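Chain residues, written in single-letter form:
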Amino acid sequence: MSRPERPIISIYHDGSRSLEELTEQLLETSGLEEILPSNRESLIAIKPNLVVARPAYEGGTTHPEIVAGIIRYLARRDYRNIMIVEGSWVGDSTSQAFRVCGYEKLSKEYTVPLFDTQKDSSFTQDVDGYSVSLCSITESIDFLINVPLLKGHCQTRYTGALKNLKGLIPDSEKRRFHSRGLHEPIARLNQMLHQDCIVMDAICPDPTFEEGGDPSDMNRILFATDSVLIDSYGASVIGYTDEDIPYIGRSEELHVGSLWDGSRDSVLEINDHGEAGNYRQDERLSELETLIDEKEACSSCYAALISALRQIEEPEAHRYAIGRFFRTGQLPADRSNMVGIGVCTQRFSTSVAGCPPSSQDIVEFLKQLSRKG
Ligand code: SF4
């Protein structure tokens, strides 16, 4: 395995400076200036992760202060054509996420527009016979700064730089990704869309769940120019190997980037604080998965189910069916004690309505079911 040209840079947040200042220090060290476009009018898109409308301290969304630090760094170098681009997951509103997560305020303060990809048109791109619908804005972006979190995901285990580009495809394509198994389309998307650099928020991400709710203090911001490298490293931080997250290895096969070789020489620590830490894998998730028959489920729907099952006392009392397949596909022969989740499962005799249903709706439904006994 060859050593990457540019290492990952990891800066430790000891609380002595603001996140804006820390981000600027990271970028000063990173050599980002060398790869920024020479034309100051170029459109620079900053892509945070605002999967849901929840504040960053809950561990599911990108800290706006990190994005502010990037904007300040760029503005000091006379880049003024900057845009924040994002589309929340299916079932959540990006404009609400912009407001709740502090991006409306940020937009006003720095006069940087917000672009909601859920309202954009789209076009189809084809590479080697594999097609993906992309939001039209992607054709106008000259330089893409991806600002994901290093966090867990209830379907793919880990989400970071590569998966964060799903915010640049229309909702219809997000649904199709699930029917295509998620890993291959995520890798193909990254073959089509190049991220010029990654500023990864590892301040207090949730290592188990993409929505957040159980944040873990990692107190770091990472920088890299290689999305495969930073994801290969990031997955290891929360206890996974490349084999556990197939889209990382597949992206490497498609020459999107290089896997991390496990060497500390590939990670430059600033404010050195030793190892990035060992954060827990979600063992409870593996147990809950054995109760679920999932076929082509949207992330928001699946996450709502997992969240609900964590909240109820005896999730093992039932089995659960979820996913678009069940709209028309063959139902399981043994449906005794099986609860359908979401409108796609309305052919089941017992199912929760909604598209997606909220975790609270699922909890209430299951509680009522157990009361009926
Ligand atoms: S009900 Fe079906 S379409 Fe709606 S969010 Fe759930 S899986 Fe997706």
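Residues numbered from 1 in each chain as written. Predicted model: local features only at pLDDT ≥ 70, side-chain atom pairs only at ≥ 80, totals over all residues.

Enquirer: Report on the sheet that holds strand β13 (residues 292-294), specifying residues and quantitative values.
Expert: Strand order in the open sheet formed by four strands is β13-β14-β15-β16, with parallel pairing between adjacent strands. Unpaired on one side and paired on the other, β13 and β16 (351-352) mark the two borders of the sheet. One ladder, built from three bridges, connects β13 with strand β14 (residues 319-322); its direction is parallel. In the sheet register, E294 faces β14, and the bridge partner there is I322. (Pairing = 2+ DSSP bridges. Helix = DSSP H or I, 4+ residues; strand = E, 2+ residues; numbered from the N terminus.)

Enquirer: Describe the nonpolar core, and please don't skip the residues or the numbers.
Expert: Judged by nonpolar contacts, the single largest core of 73 residues is most densely connected at I70, V199 and I221. Here this core gets seven residues from one element, more than from any other, and that element is helix α3 (residues 64-76). Setting aside residues no more than four positions away along its own chain, V199 makes contact with T23, I66, I70, I145, V147, I221 and F223. Ranked by size, the runner-up nonpolar core spans 22 residues in total, among them A321, I322, I362 and L366. (Core = buried A, V, L, I, M, F, W, Y, C linked by C-beta atoms within 7 Å. Buried ≥ 20, exposed ≤ 12 C-beta atoms within 10 Å, placed from the backbone. Contact = placed C-beta atoms within 7 Å.)

Enquirer: Tell me about the site of the ligand, residues and numbers included.
Expert: Around the ligand, the structure places 13 residues, and the nearest of them are C298, C301, G342, C344 and C355. Partitioning the shell around the ligand into residue classes produces eight nonpolar, four polar and one charged. (Near = placed C-beta within 6 Å. Nonpolar A, V, L, I, M, F, W, Y, C, P; charged D, E, K, R; others polar.)

Enquirer: Give a detailed account of the packing of α3 against helix α5 (residues 103-110), specifying residues and quantitative values.
Expert: As a packed pair, α3 and α5 sit with axes 10 Å apart at the nearest point and diverge in direction by 20°. When the axes of α3 and α5 are compared, the pair comes out roughly parallel. Remark: the crossing between α3 and α5 carries right-handed chirality. Note on element contacts: α5 touches α3 through Y103, L106 and Y110, opposite P64, V67, A68 and I71. In terms of residue class, the contact of α3 with α5 is built from seven nonpolar, no polar and no charged. (Axes fitted to C-alpha atoms, helices over the stretch in contact; angles between N-to-C directions. Parallel < 35°, antiparallel > 145°, perpendicular 65-115°, else oblique. Left-handed = near helix turned anticlockwise from the far one by under 90°.)

Enquirer: How would you sum up the sheet that holds strand β12 (residues 267-270)? Please name residues and give values.
Expert: Strand order in this open sheet of eight strands is β4-β3-β2-β7-β10-β11-β1-β12, and the pairing throughout is mixed. Where the open sheet ends on each side, the last strands, each with one partner, are β4 (114-116) and β12. The mean angle between the axes of side-by-side strands here comes to 20°, regardless of whether they run parallel or antiparallel. As paired strands, strand β3 (residues 82-86) and β4 are joined by three bridges and run parallel to one another. Pairing of V85 across the sheet is with F115, part of β4. The strands that α3 touches are β2 (44-48), β3, β7 (143-147), β10 (197-202) and β11 (220-224); relative to β2, the one it contacts most, it runs at about 165°.

Enquirer: Lay out the domain arrangement of the protein chain with the relevant residues and their values.
Expert: What the domain assignment lists for the protein chain is domain 1 (8-270) and domain 2 (283-372). Its C-alpha centre places domain 1 at a distance of 30 Å from the equivalent point of domain 2. Taken together, the residues of the side of domain 1 that touches domain 2 sort by class into three nonpolar, five polar and four charged. (Domains from an automatic or database assignment.)

Enquirer: I'd like a description of unusual backbone geometry, backed by residues and values.
Expert: Geometrically, the link from C355 to P356 is a cis peptide bond, its omega value of -5° lying close to zero. The residue P356 is located in the loop between β16 and α13 (359-372) in this model. In this structure, T111 is a non-glycine residue whose phi angle is positive, near 50°. Residue position: T111 is located in the loop between α5 and β4. Given 10 C-beta atoms within a 10 Å radius, T111 is considered exposed. Within the chain, L182 stands out as a residue other than glycine whose phi angle is a positive 65°.

Enquirer: So what's going on with the packing of helix α9 (residues 227-237) against helix α10 (residues 246-253)? Which residues, and what values?
Expert: Between α9 and α10, whose axes approach to 10 Å, the crossing angle comes to 155°. As judged from the angle between their axes, α9 and α10 are roughly antiparallel. Note that α9 runs across α10; the crossing there is left-handed. On the side of α9, the interface is formed by V228, D231, S232 and A235, while α10 contributes I248, S251 and E252. A class-by-class count of the residues in the contact of α9 with α10 yields three nonpolar, two polar and two charged.

Enquirer: Explain helix α1 (residues 19-30) residue by residue, including any values.
Expert: The end-to-end C-alpha distance of α1, which contains 12 residues, comes to 16 Å, matching closely the 16 Å that a straight helix rising 1.5 Å per residue would cover. Three or more residues of α1 are buried, namely L22, T23, L26, L27 and S30. Buried residues along α1 cover an arc of 135° about the axis, so they all sit on one side. Buried residues in α1 make contact with β1 (8-12), α2 (32-35), α3, β10 and β11. Downstream of α1 by a residue or two, G31 has a phi angle that is positive, lying close to 80°. (Expected span 1.5 Å × (residues − 1). Arc of directions from axis to C-beta.)

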